[in-house]
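Structural features, examined
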Amino acid sequence: MTTYTKKQVNDLVAGTLDWDSVHKMLSMPKDAGRYALYMEVLQDAVTYDDKILLAVGPHLNIVESATDGEIIVKCNCGHDFGDYRENWKLGANIYVRDTAEKMDQVYPRLMSPDTTWQVYREYSCPSCGTMLDIEAPTPWYPVMHDFQPDLKTFFEWVELPAPAKI
Ligand SMILES: [Zn+2]
C-alpha cells in the first residue's frame, strides 16, 4: 500500500498530477489516511468553517454546518443548497438547451443531439454562477438526483466518528 503527500492529493484534485501517479493512485489499494487528506485539501479550497464530509462535485460539498450541525450541500463560495438528502439541483439556476439554436452555441450544426430526443440541463450556483453539473436527458425526464450517500455506513467504513446529525 502506498501513501501520498498532501501536495500529491492537492495536485490530483487540481488536475495537475502526472498521469502515471494518477493511474497508480486509482489502481492501488487506498491508504488509511487518504479520506482525511482528501478532505483537508478540499477544506483548504474554501473559506467557510463548515466541515467538509464528502465532495459532490468539483465545487460542491456535503458539509456539517459549523453553526447548527446540520448536514447540508454547499458550493465552494458558501451558497447553502440545504439538506443533503434533498436534490440540490432544485435550488440551482437551470439553463436548458432545448433548441437547435441553443445547441449551436456549444456544437457545430449537425454535431449536436436532436433536441426532440435529448436536451442539456446546466445547473449553476445562484450566488457565484459556477456551473456545478450538466445532465443530458430526454426532454421529459425528471431532474436527476445523482448522489445520496449513506453517511452512517460511510463513516463506519472509514472507521471515523460520524457527525451527530446523520
Ligand atoms: Zn457558488
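As the structure is a prediction and not an experimental result, all values here were calculated from the model.

Rules behind the numbers
Residues numbered from 1 in each chain as written. Predicted model: local features only at pLDDT ≥ 70, side-chain atom pairs only at ≥ 80, totals over all residues. Pairing = 2+ DSSP bridges. Helix = DSSP H or I, 4+ residues; strand = E, 2+ residues; numbered from the N terminus. Axes fitted to C-alpha atoms, helices over the stretch in contact; angles between N-to-C directions. Buried ≥ 20, exposed ≤ 12 C-beta atoms within 10 Å, placed from the backbone. Contact = placed C-beta atoms within 7 Å. Core = buried A, V, L, I, M, F, W, Y, C linked by C-beta atoms within 7 Å.

Topic: the sheet that holds strand β5 (residues 93-97)
Reading across the sheet, the three strands line up as β5-β6-β7 and stay open at both edges, with antiparallel pairing between neighbours. A single partner strand is all that each edge strand has here, and the edge strands are β5 and β7 (131-135). Pairwise comparison of adjacent strand axes, ignoring direction, gives a mean angle of 20° for this sheet. Where β5 and strand β6 (residues 120-124) come together, five bridges link them in antiparallel fashion. What sits directly across from Ile-94, in β6, is Tyr-123.

Thoughts on the environment of Asp-80
Tracing the chain through its elements places Asp-80 in strand β4 (residues 80-83). The class for Asp-80 is partly exposed, based on 17 C-beta atoms found within 10 Å. Between the C-alpha atoms of Asp-80 and Cys-125, which are 45 residues apart in sequence, the distance is 9.6 Å. Filtering out sequence-adjacent residues up to four positions away, Asp-80 remains in contact with Ile-72 and Lys-74.

Here's the deal with the sheet that holds strand β1 (residues 51-57)
Reading across the sheet, the four strands line up as β1-β2-β3-β4 and stay open at both edges, with antiparallel pairing between neighbours. Where the open sheet ends on each side, the last strands, each with one partner, are β1 and β4. Strand after strand, the sheet turns through a mean of 25° between neighbouring axes, direction not considered. Bridge analysis of β1 against strand β2 (residues 60-64) gives five bridges, and the strand direction is antiparallel.

Here's the deal with the environment of Gln-43
Within the secondary structure, Gln-43 sits in helix α3 (residues 34-44). Exposure remark for Gln-43: the 15 C-beta atoms within 10 Å place this residue in the partly exposed category. Residues Gln-43 and Phe-81 lie 38 residues apart in sequence; the distance between their C-alpha atoms is 18 Å.

Examining the nonpolar core
Within the largest apolar cluster, 21 residues are counted, with the highest numbers of intra-cluster contacts made by Ile-62, Ile-72, Val-73 and Leu-132. When contributions to this core are tallied by element, the ones reaching two or more residues are α3, β1, β2 and β3 (71-75). Broken down by element, this core gets its largest block of residues, four residues, from β3. Residues in contact with Leu-132, not counting those within four places in the same chain, are Gly-57, His-59, Leu-60, Cys-75, Ala-92, Tyr-123, Ser-124 and Cys-125.

Considering the environment of Val-106
Examined against the element boundaries, Val-106 turns out to sit in the loop between α4 (100-104) and β6. With 13 residues separating them in the primary sequence, Val-106 and Val-119 have C-alpha atoms 12 Å apart.

Topic: unusual backbone geometry
For Leu-110, which is not a glycine, the phi torsion comes out positive at approximately 75°. The topology assignment puts Leu-110 in the loop between α4 and β6. Judged by the 6 C-beta atoms lying within 10 Å of it, Leu-110 is exposed. For Glu-159, which is not glycine, the phi torsion reads 55° and is therefore positive. As for its placement among the helices and strands, Glu-159 is situated in the segment after α5 (151-157).

Functional significance is not addressed by these values, which are geometric in nature.
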